[in-house]
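Letter by letter, the chains look like this.
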Amino acid sequence: MKKSPTISRINVANTHPVDVYISPVNLTANGRAHLGHAAGPYLRMDVVQKHLKRAGHHVRSGLTTDGFENHVLVRAALENIDPSALAHGFHIRIVEDLASVGVVFDHFDDPAYGGNLQRFSKVGNALMGALSAAGSLRFLAGRLPVDDAGSTATPEERFCIGGWFGATCPVCLASAGSFFCEQCGHHFEPEEALNPVSRRGRIVEWLENVSAFLSISGKDRLLREWDDTAIESSFLEIGKRYVARKGQQMRLTVPGLHGLAWNSRHFNSQQILFSYSSLLYAHSLYCGYKDTEGTHKPNPFARESNAFLIGGTGIDNTIPMLVGVTGCALGQNSLRPFDRIFFNHFIRLSGSKFSTSRGHVIWAGEIARIPNISVDVLRVYLSEICPEETETDLVPERLVDRYNAVLDKISAAIDRCTESLNSMPSLAGCHVDGAMMVTLDRLYEKQCAALSLDRLRVSQSSRPLIEWVDHLDGSPNHKTAYAWLMGLCILAWPLMPKITEALWRWLGHSGHPVAARASTPSPHRNGAAPKIDGRRLAVSDIERCLPGRIAA
């Protein structure tokens, strides 16, 4: 296993800061970002980013949206709109949705739009050229379905693939589509699927099409890399099952016109990079390029870079990440794989899967626009239902109950401590409470264990925070109040950035909370004492964010 960045104990300076780059899997730009997205990989990676920053590491992050994924074409066709315009419009909304719940990246681009496309194309072509030069490409003929809706279109558009294709998973027998099964995580070729159907017409024939496939030489290379990346057992089994059935190979191109084209004399139709392998890795490489643009530093994904690379995604992208992305990284000689990849299961909404296509969603931006909602407290709840070990369920009544309990508890504690400090004429002689710091040391260590890059459990990260809140008794004196507020800033910052950054500055510090400065007092208070910006919620507040048929 690759060694994770060191996390020093509280009040201990980090003498070996590491460059860390975080690049979660892109969001398909066929709809907005809902709470299932936000409470899954994106909030999770945001918490990890802040955890590493407060420990003194140098952390950067990047995200993209995929405007070339086939489901973009499906929605664009249904709405009779240009796919690029539709995708960029949703890119803007996705950025806003994630930002509304405090999930922000250093750069968040639409690489298929405007001037970005030329750079994205160069990144994709360079990757495919490197794979070809290394002998990692195979050109294989496979049978793809053609339906009566697409049979008169161009050769590339007549195939019923991606969002147009429905089937039964050949592994778990669940309803599936495109090239993968969301239930068990398996990826398959259309001709391997059971009960194939077209979602826009009727399949009339199967035609042979030549595409590029990744082929990794060397026995068990993928499996050894997965061990080094600390892939958790349940997701590791999905990868092992795939390799046992199909070997160390995966599709890299599909026939199409809307995407990053890559040409070869072997093809009998125009081919574009496949969103779930070569294009997926190209998105990360593009993010790396944007991160170092205008500097003399290498792309964090370059072999010569010493950056620690972290990725995150849902169970449906297990094979794309373990085989497609990791395989592309191993299949050439200039770029490298992630050092950690974190997977999560799905969050359900009132018992059913979040679904953009069915409108069974709560959009992140909608819930954040509830008048006077505390996004900080909402983030605590979303972190607690993060589906790391199994599927979880977002039920409006439970959300409201937990939100109100956390809001009441933390806001009351903050008010008691800030009132204690405000009652003093000056903090010139203020010192932190030693006994409180011993407790904080223990709770910080406990939280760091939950946020370990060797076994990440964001769902458990609020427990030390709540224990710290409960540790405050009665009316605190100024030492206890100061120590408690400093401890809150440290423990809560990954989950509650708005209030903790405001308190940190009010206590006389700059920047964001840093664990090494947890017991460093300041004689200054800046402005009025901060309060949690929010009110208690009612179930009706959440119901107004739901589609009518769900709220009913």
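Refer to the structure above for everything that follows.
Attention in this report is confined to the structure presented alongside it. Owing to the predicted nature of the structure, the values given are computational and were not obtained by experimental measurement. (Residues numbered from 1 in each chain as written. Predicted model: local features only at pLDDT ≥ 70, side-chain atom pairs only at ≥ 80, totals over all residues. Heavy atoms only, no water.)

**Observations regarding the packing of aromatic side chains**
Alright, step 1. One pass over the structure, following the stated rule, counts 13 aromatic pairs.
Alright, step 2. Measuring from ring centre to ring centre gives 5.7 Å for Phe139 and Phe267, while their planes differ by 65°; the resulting arrangement is edge-to-face. Taken together, the positions of Phe139 in strand E5 (residues 137–147) and Phe267 in the loop between strand E11 (253–255) and strand E12 (271–273) put the pair 128 residues apart, joining distant regions of the chain.
Alright, step 3. The interplanar angle of 70° and the centroid separation of 5.0 Å between the aromatic rings of Phe179 and Phe274 together place this pair among those described as edge-to-face. Highlighted residues: Phe179 in the loop between strand E7 (175–177) and strand E8 (194–198) and Phe274 in the loop between E12 and helix H7 (278–292), separated in sequence by 95 residues. As far as the burial class goes, Phe179 and Phe274 line up, both buried.
Alright, step 4. Among the aromatic side chains, those forming a connected cluster through ring pairs are Tyr21, Tyr281, Phe301 and Phe338.
Alright, step 5. When the ring centre of Trp493 is taken as reference, the NZ or CZ atom of Lys50 above it lies at 5.9 Å.
Alright, step 6. The ring of Phe346 carries the charged tip of Lys353 above its face, separated from the ring centre by 5.3 Å. (Phe/Tyr/Trp six-rings, centres within 6.5 Å; stacked < 30°, edge-to-face > 60°. Helix = DSSP H or I, 4+ residues; strand = E, 2+ residues; numbered from the N terminus. Buried < 20%, exposed > 50% of the residue type's maximum accessible area, 1.4 Å probe, protein only. Lys NZ or Arg CZ within 6 Å of the ring centre and 35° of its normal.)

**Structural notes on the nonpolar core**
Alright, step 1. Leu98, Ile310, Ile367, Leu394, Trp484 and Met496 are the most contacted members of the largest nonpolar core, which has 93 residues in total.
Alright, step 2. No other element matches the 11 residues that helix H14 (residues 478–492) contributes to this core.
Alright, step 3. Excluding residues within four positions of it along the chain, Leu98 makes contact with Leu27, Ala33, Ala38, Tyr42, Leu63, Val103, Phe105 and Phe108.
Alright, step 4. Counting residues in each nonpolar core, the second largest holds 62 residues, with Phe179, Leu214, Ala282 and Leu285 among its members. (Core = buried A, V, L, I, M, F, W, Y, C linked by side-chain atoms within 4.5 Å. Contact = heavy atoms within 4.5 Å.)

**Focus: the side chain of Thr292**
Alright, step 1. Here Thr292 is to be found in helix H7.
Alright, step 2. Looking at Thr292, its side chain comes within polar contact range of the main-chain oxygen of Gly288, at 3.2 Å.
Alright, step 3. Leave out the neighbours within four places in its chain, and Thr292 touches Lys297, Pro298, Asn299 and Pro300. (Polar contact = N/O pair within 3.5 Å; in protein donor to acceptor, adjacent residues only side chain to side chain.)

**A word on helix H3 (residues 83–100)**
Along an α-helix, residues three or four positions apart point the same way, because every turn accommodates 3.6 residues.
Alright, step 1. Between its first and last C-alpha atoms H3 spans 26 Å; for 18 residues at 1.5 Å apiece the expected length is 26 Å, and the two agree.
Alright, step 2. Regarding H3, the residues found buried are Pro83, Leu86, Ala87, His88, Phe90, His91, Ile94, Asp97 and Leu98.
Alright, step 3. Looking at the buried residues of H3, the elements they touch are strand E2 (27–28), helix H1 (35–54), strand E3 (58–66), helix H2 (70–79), strand E4 (107–109) and helix H9 (364–368).
Alright, step 4. Put simply, Asp82 is the residue that caps the front of H3, since its side-chain oxygen is 3.1 Å from the backbone nitrogen of Ser84.
Alright, step 5. Just past H3, the residue Gly102 takes up positive phi, approximately 80°. (Expected span 1.5 Å × (residues − 1).)

**A few points about the layout of surface pockets**
Alright, step 1. Reported here for the second largest pocket is a volume of approximately 470 Å³.
Alright, step 2. The wall of the second largest pocket is formed by 29 residues, among which Asn70, Leu73, Trp164, Pro255 and Gly256 lie closest to the centre.
Alright, step 3. Elements represented by at least two residues in the lining of the second largest pocket include exactly H2, E11 and E12.
Alright, step 4. Top contributing element to the lining of the second largest pocket by residue count: H2, with 4 residues.
Alright, step 5. When grouped by side-chain class, the residues that make up the lining of the second largest pocket number 18 nonpolar, 7 polar and 4 charged. (1 Å grid on protein atoms, 1.4 Å probe; cavity = no way out; pocket = protein on both sides within 12 Å on 5 of 7 lines; lining within 4 Å. Points joined across faces, edges and corners; volume = space filled by probe spheres on them. Nonpolar A, V, L, I, M, F, W, Y, C, P; charged D, E, K, R; others polar.)

**Some remarks on the sheet that holds strand E9 (residues 203–215)**
Alright, step 1. Taken together, the 3 strands give an open sheet; going across it, the order is E5-E9-E10, and neighbouring strands pair in antiparallel fashion. Each edge of the open sheet is held by one strand with a lone partner, namely E5 and strand E10 (249–251). If you compare each strand with its neighbour and ignore which way they point, the axes differ by 35° on average.
Alright, step 2. Here E9 runs beside E10; their pairing, made up of 3 bridges, is antiparallel. In the sheet register, Phe213 faces E10, and the bridge partner there is Arg251.
Alright, step 3. Along the sheet face, helix H8 (residues 318–330) touches E9 and E10 and points at about 100° away from the line of E10. (Pairing = 2+ DSSP bridges. Axes fitted to C-alpha atoms, helices over the stretch in contact; angles between N-to-C directions.)

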